[in-house]
Amino acid sequence: MVQRSLAIFALIWFAALGTGALEYAHNAEHAREDAAMEAAAQAAGVPATPEPLHDDSNCAVHLQLHIPLIVVGYVLILARLGLLAAALALVAAALIPRELPVRIDCRGPPAC
Ligand SMILES: [Zn+2]
């Protein structure tokens, strides 16, 4: 049950991240904060300031949304390990003895 719920959570997370829904929600949060700051400035009688630019340089959440999840170097290492495992499996298959026994002790000589 726990493994299934973790898989469902991961599926929902990656779908939300891949479709841009998380970034859309975060941008909506920034817009709501900017509107609240502008409304507070208008209520205080202070002239409105230009809206701040939100990007990876000034927002940690933006940076985390845009950072790659898998570093490319690890993918290359895993691919090479897979190729090595495939080559070793071929060598191991070639070392299996394939000759027929001349005599089977529990039955006697095979009847040809
Ligand atoms: Zn942000």
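Scroll up a little and you will see the structure.
Please read these numbers as outputs of a predicted model, since none were measured by experiment. (Residues numbered from 1 in each chain as written. Predicted model: local features only at pLDDT ≥ 70, side-chain atom pairs only at ≥ 80, totals over all residues.)

## Thoughts on the overall build of the protein
Check the secondary structure of the protein and you find four helices and zero strands. Along the protein, from the amino end to the carboxyl end, the secondary structure elements read α-α-α-α. In terms of overall size, the protein is more extended than a compact globule, its C-alpha atoms giving a radius of gyration of 31 Å where 112 residues would be expected to give roughly 13 Å. Residue burial in the protein is summarised as follows: out of 112 residues, 0% are buried. (Helix = DSSP H or I, 4+ residues; strand = E, 2+ residues; numbered from the N terminus. Rg over C-alpha atoms; globule rule 2.2 N^0.38 Å. Buried ≥ 20, exposed ≤ 12 C-beta atoms within 10 Å, placed from the backbone.)

## Quick notes on helix α2 (residues 21-44)
The terminal C-alpha atoms of α2, which comprises 24 residues, lie 35 Å apart, in line with the 34 Å expected from a rise of 1.5 Å per residue. Of all 24 residues in α2, zero are buried, a share of ten percent or less. Positioned one or two residues after α2, Gly 45 has a phi angle of 80 degrees, which is positive. (Expected span 1.5 Å × (residues − 1).)

## With respect to helix α4 (residues 72-94)
If you check α4, its first and last C-alpha atoms are 34 Å apart, about what 23 residues at 1.5 Å a residue would give, namely 33 Å. Burial within α4 is sparse, with just zero of its 23 residues counted as buried.

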